Amino acid sequence: MSDEAERKMRFLYALRSKGVTDARVLGAMETVDRGVFVTGLFAERAYEDMPLPIACGQTISQPSVVGLMTQALAVSARDKVLEVGTGSGYQAAILSQLARRVYTVDRHRRLVREAEARFAALGLANITALTADGSFGLPDQAPFDRILVTAAAEDPPGPLLAQLRIGGIMVLPVGQSDAVQSLIKVTRGERGYDYEELRPVRFVPLVEGLGQD
Ligand code: SAH
């Protein structure tokens, strides 16, 4: 077996052993090479199941957490998805394999620019990346079938709840930024919102306003 094939097999095995079992999600994670999204010092660790530092003091999430969040989001091929917290662009690239259209926003212009270059290089044409404070969502594109937040807020931001379509699902970490947070799945029904606690997680905080770079 080639080194690359072996690396891929280990990567997928680690995902499965952490509970990522959805075949579509595993397929997307097999297709999108995480190595493209981790550059510099940590590039050689791209296939390990750990979060890694990226530019602007942010992190690319742990692959198994990406897998579990994507799985919980239950994306279908007709869905329009909003991701808050583009970071490296890896999670958006995974979503792009499963959804019709992906909007991803980050408060750091530099991260958005770099992620856009990666999407273009990989030929991922159904992702739109924007610099914005994602706690306000994207009113122009709302409502969304699915919303994924990859930075932790103390509570689910009101505008995001409002921009979720009835029948829609939002997955997000909530809790204090310096503590272990809870991954929550919010389902919007005809009469209101249903909340389910999934697992403890640790994310960088959702920060107000735009970043310096
Ligand atoms: N999903 C990313 C990892 C996200 S790290 C990946 O796959 O690599 C969290 C990101 O959320 C950071 O890039 C940070 O800049 C961004 N962020 C924090 N607060 C934000 C806000 N209010 N609006 C938009 N992005 C925000």
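Preceding this paragraph is the structure being described.
Note that the coordinates shown come from a computational prediction; the quantities given were computed from them, not determined experimentally.

Considerations on helix α4 (residues 90–98)
In an α-helix, one turn spans 3.6 residues, which is why side chains three or four residues apart end up on the same side. Across the nine residues of α4, eight count as buried, placing the element largely inside the fold. The complete set of buried residues in α4 reads Tyr90, Gln91, Ala92, Ala93, Ile94, Leu95, Ser96 and Leu98.

With respect to the site of the ligand
Within the structure, the ligand sits among 26 residues, and Ser88, Asp106, Asp133, Gly134 and Val207 are positioned closest to it. Take Glu83: an N or O atom from its side chain is 2.9 Å from a nitrogen atom of the ligand. Protein chains shield 99% of the accessible area of the ligand, which is 580 Å² for the free molecule. With respect to the pocket detection grid, the ligand is positioned in the largest pocket. Residue assignment for the shell around the ligand shows that the elements contributing at least two residues are β2 (59–60), α4 and β4 (101–106). The class makeup of the residues in the shell around the ligand is 10 nonpolar, 12 polar and four charged.

As for the sheet that holds β4
Read across the open sheet, the seven strands follow the order β5-β4-β3-β6-β7-β8-β9; overall the sheet is mixed. The open sheet has two free edges, formed respectively by β5 (127–131) and β9 (192–201), since each of these has just one partner strand. Mean inter-strand twist for the sheet, computed between neighbouring axes without regard to direction, equals 15°. Strand direction decides the pairing type here: strand β3 (residues 80–84) and strand β6 (residues 144–149), joined by four bridges, are parallel. Bridging from a neighbouring strand, Leu82 pairs with Ile147 of β6.

Rules of the game
- Residues numbered from 1 in each chain as written.
- Predicted model: local features only at pLDDT ≥ 70, side-chain atom pairs only at ≥ 80, totals over all residues.
- Heavy atoms only, no water.
- Buried < 20%, exposed > 50% of the residue type's maximum accessible area, 1.4 Å probe, protein only.
- Helix = DSSP H or I, 4+ residues; strand = E, 2+ residues; numbered from the N terminus.
- Near = heavy atom within 4 Å.
- Polar contact = N/O pair within 3.5 Å; in protein donor to acceptor, adjacent residues only side chain to side chain.
- Areas by Shrake-Rupley, 256 points an atom, 1.4 Å probe, with all protein chains shown as cover.
- 1 Å grid on protein atoms, 1.4 Å probe; cavity = no way out; pocket = protein on both sides within 12 Å on 5 of 7 lines; lining within 4 Å.
- Sits in = over half its atoms within 2 Å of the grid points.
- Nonpolar A, V, L, I, M, F, W, Y, C, P; charged D, E, K, R; others polar.
- Pairing = 2+ DSSP bridges.
- Axes fitted to C-alpha atoms, helices over the stretch in contact; angles between N-to-C directions.

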